[in-house]
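Each chain is listed here by its residues.
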Amino acid sequence: MLDAKKIDAYIAFLEQELVPATGCTEPIALAYAAAKLREMLGGPPQKIIAEVSGNIIKNVKSVVVPNTGGLKGISPAIAAGIIAGNTARLMRVIEDVSDAQQKEIAAYLENLDIEIKCSNAPRMLDIHLTGILDARRAVVHIANSHCNVIYLEENGKILLNEPADDSNQSQKERPDLTVQEIVKFADQVDLERIRPLLKRQIEYNSAIAEEGIRGDWGANLGKVILSDFGDDIKTEAQAYAAAGSDARMSGCELPVVILSGSGNQGMTASLPVIRYAKRYNIPEERLYRALLVSDLCTLHQKSGIGKLSAYCGAVSAGCGAGAGIAYLLGGDYRAISHTLVNAVAILSGMICDGAKPSCAAKIAAAVEAGILGYHMFLHDQEFMCGEGIVTKGVDDTIANVGILAQEGMRQTDTTILKIMTKD
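Values in this document were obtained by computation on a predicted structure and should not be read as measured data.

1. A word on the overall build of the protein
- What the protein contains, in helices and strands, is 17 helices and eight strands.
- Considered along the principal axes of its C-alpha atoms, the protein spans approximately 70 × 45 × 45 Å.
- Taken over 423 residues, the protein has a buried fraction of 59%.
- Restricting to contacts in the protein with at least 6 residues of sequence separation, those with at least 24 account for 76%.
- Total accessible area on the protein is roughly 16,500 Å²; 50% of this is exposed by carbon and sulfur atoms.

2. Describing the packing of helix H11 (residues 263–279) against helix H12 (residues 284–302)
- The geometry of H11 relative to H12 is characterised by a closest axis approach of 10 Å and an angle of 150° between their N-to-C directions. On the basis of the axis angle, H11 is roughly antiparallel to H12. The chirality of how H11 crosses H12 is right-handed. Where H11 approaches H12, its residues Gln 265, Ala 269, Ser 270, Val 273, Ile 274 and Ala 277 are matched on the opposing element by Leu 287, Ala 290, Leu 291, Ser 294, Asp 295, Thr 298 and Lys 302.
- The class makeup of the residues in the contact of H11 with H12 is seven nonpolar, four polar and two charged.

3. Observations concerning the environment of Ala 12
- In this fold, Ala 12 is placed in helix H1 (residues 4–17).
- On the accessibility criterion, Ala 12 (40% relative accessible area) is partly exposed.
- C-alpha separation for the pair Ala 12 and Gln 201, spaced 189 residues apart in sequence, amounts to 16 Å.

4. Things to note about the pattern of salt bridges
- For the coordinates displayed, the defined rule picks out 23 salt bridges.
- Asp 96 is the salt-bridge partner of Arg 89, the closest N and O atoms lying 2.5 Å from each other.
- By relative accessible area, Arg 89 is classed as partly exposed at 28%.
- Accessibility expressed as a relative area gives 52% for Asp 96, which makes it exposed.
- Beyond isolated ion pairs, a larger network of salt bridges with shared partners links Lys 47, Asp 113, Glu 115 and Lys 117.

5. As for the side chain of Lys 58
- By the secondary structure assignment, Lys 58 is in helix H3 (residues 54–60).
- Residue classification places Lys 58 among the buried residues on the basis of a relative accessible area of 2%.
- One polar contact links the side chain of Lys 58 to the main-chain carbonyl oxygen of Cys 352, over a distance of 3.0 Å.
- Here the side chain of Lys 58 touches Asp 413 through a polar contact of 2.7 Å, side chain to side chain.
- With sequence-adjacent residues up to four places away left out, Lys 58 is seen in contact with Ser 309, Ala 310, Cys 352, Asp 353, Gly 354, Ala 355, Asp 413, Ile 416, Leu 417 and Met 420.

Conventions used here
Residues numbered from 1 in each chain as written. Predicted model: local features only at pLDDT ≥ 70, side-chain atom pairs only at ≥ 80, totals over all residues. Heavy atoms only, no water. Helix = DSSP H or I, 4+ residues; strand = E, 2+ residues; numbered from the N terminus. Buried < 20%, exposed > 50% of the residue type's maximum accessible area, 1.4 Å probe, protein only. Contact = heavy atoms within 4.5 Å. Areas by Shrake-Rupley, 256 points an atom, 1.4 Å probe, with all protein chains shown as cover. Axes fitted to C-alpha atoms, helices over the stretch in contact; angles between N-to-C directions. Parallel < 35°, antiparallel > 145°, perpendicular 65-115°, else oblique. Left-handed = near helix turned anticlockwise from the far one by under 90°. Nonpolar A, V, L, I, M, F, W, Y, C, P; charged D, E, K, R; others polar. Salt bridge = Lys/Arg side-chain N within 4 Å of Asp/Glu carboxyl O. Polar contact = N/O pair within 3.5 Å; in protein donor to acceptor, adjacent residues only side chain to side chain.

Here it is in structure tokens:
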């Protein structure tokens, strides 16, 4: 049994992680910082200097900013925040934008003097905006988490100056996680304490997936998968997760419940489990507990990786989904552990080359790996200790993934950014 203190820590962690966001979270973080800048200046700045980390550049370059009429990139994200941002809405900062404001955003962009620089900050997520309006000057600095403002300056006066703790920041924000304790938590927690979070995750993420199936978004990967690969549940799970990303990466204004700071990861961890439960008429309580397994196993894998990396986060979420499906269908700790190890071994190393329509295809591949990992277990098949990055114990194998992402793929991240910005 888990003690009450541990259960409380897990619930608090999930409350921190399972939050709604409208649009890809990196441009939304830029819009949030920009809206904060406008508040400090008292109006739209005439000049902006944007110093941002490479992973912000990578994840903003090719994704549509919601409510901008299809615009992509750093400048539109900042302009949207300046003109229409509401910081009280946090990750939904530009969810409510009128037609008149959309036109104002476009007009503001035409005249805005903006300078964009790749910063030398040591952290993956770093946004430093300086705005000038007539004789007024303001600075907003966000680090490590999308709405985590660590520094504010107005006309030379420092209003906020918090240290940016870069020593394994992702680990400091979460309780110690093990797969065994995750399963115990899912088994034992009083669902009434967490039901609203999971209910919202199901409703929001299902709605955008349905829109991805109905509409014409991105490369329509969800539709392609459903059209050409049959209607079995494995295909449906991949298709709905991909369809949510189709819509989200192409500017759909519906909110998503994110995970580890990512809407794509939030959808990948939840939608396959939701579709399996729907297909097999699984009781609601079992679905909620399975979502806890999927969400927390995803976060466990991300603990050594961080929110942004050259390692594609959809892989972690797809493996988490496989674990959630295993639990949903009656699997115990052993089934979930083998599913995770198998799935990690199949797909580890997929690169993240930014947020864009092809994320939907990576999500489909990650979900397939998660499901295959579970079916390997059902047939008493497994990847063994010493084969590649697989080692003895599921938690130690997950730790190896963190080492791979943080140490092994550091230069990969730099090379990806050079390729993406060489034009």
